[in-house]
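Survey of secondary and tertiary structure
As a plain string of letters, each chain reads:
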Amino acid sequence: MAHAHIPALGRAEAPGTMPQDALGPGLGSSQGSVPESTGTSTRPTRAIPATPGGLVNLNTADEAALEELPGVGPVTAEAIVAHRSEVGPFTQVEDLLEVRGIGDAKLEGMADLVTV
């Protein structure tokens, strides 16, 4: 069965597109002056699953997000995910002390950046 998109009254754009004038005068066309990116970082950006307060959720973050935390490299991130898979979700931040490779100092360095 075929589906047809019927735009709202007065709108003719296809679903998922933005009207050319939505960006402001000249910005929706190739004639506008849109600045080129001048970023110097060659590192790809990645989304870190975070709570509204900007904290990394230990129960939902992937290894890449966990590696962004201070003192957490690939081995520790893998250990956190493995612990979560084997034992179940963390119930408090201090549960990180049960993870191989995390001691008091490492926990102190990341405690204010994580949540459960």
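Everything that follows concerns the structure shown earlier in this document.
Residues numbered from 1 in each chain as written. Predicted model: local features only at pLDDT ≥ 70, side-chain atom pairs only at ≥ 80, totals over all residues. Heavy atoms only, no water.

1. Here we look at the overall build of the protein chain
To be explicit about the condition: A run of DSSP states H or I qualifies as a helix once it reaches four residues; a run of E qualifies as a strand once it reaches two. Both are numbered from the N-terminal end. Working definition of accessibility: Shrake-Rupley area with a 1.4 Å probe, residue cover restricted to the visible protein chains.
The number of helices and strands found in the protein chain is three helices and two strands. Going residue by residue from the N terminus, the α and β elements of the protein chain occur as β-α-α-α-β. In the form shown here, the protein chain has an accessible surface area of approximately 8400 Å², with 56% of it arising from carbon and sulfur atoms.

2. Notes on the nonpolar core
We count it as follows: Put simply, a nonpolar core is a bunch of buried Ala, Val, Leu, Ile, Met, Phe, Trp, Tyr and Cys residues held in one set by side-chain atoms that sit within 4.5 Å of each other. When accessible area is computed with a 1.4 Å probe and restricted to protein chains, residues below 20% of their type maximum are described as buried, those above 50% as exposed, and intermediate ones as partly exposed. We call two residues in contact when some of their heavy atoms are within 4.5 Å.
Of all hydrophobic cores here, the largest spans 19 residues; its most connected members are Leu66, Leu69, Ile80, Leu96, Val99, Ile102 and Val114. Among the secondary structure elements, those contributing two or more residues to this core are α1 (63-66), α2 (74-87) and α3 (104-110). Among the elements that line this core, the one with the most residues is α2, at four residues. When neighbours within four sequence positions are excluded, Val114 is seen to be in contact with Leu55, Val56, Leu58, Leu69, Val93 and Leu96.

3. Topic: the environment of Leu58
Following the sequence through the fold, Leu58 ends up in the loop between β1 (56-57) and α1. For the pair Leu58 and Thr115, spaced 57 residues apart in the sequence, the C-alpha separation amounts to 6.1 Å. Not counting residues up to four positions away in its chain, the partners in contact with Leu58 are Leu66, Arg84, Phe90, Val93, Leu96, Val114, Thr115 and Val116.

These results come straight from atomic positions and should not be treated as a statement about function.
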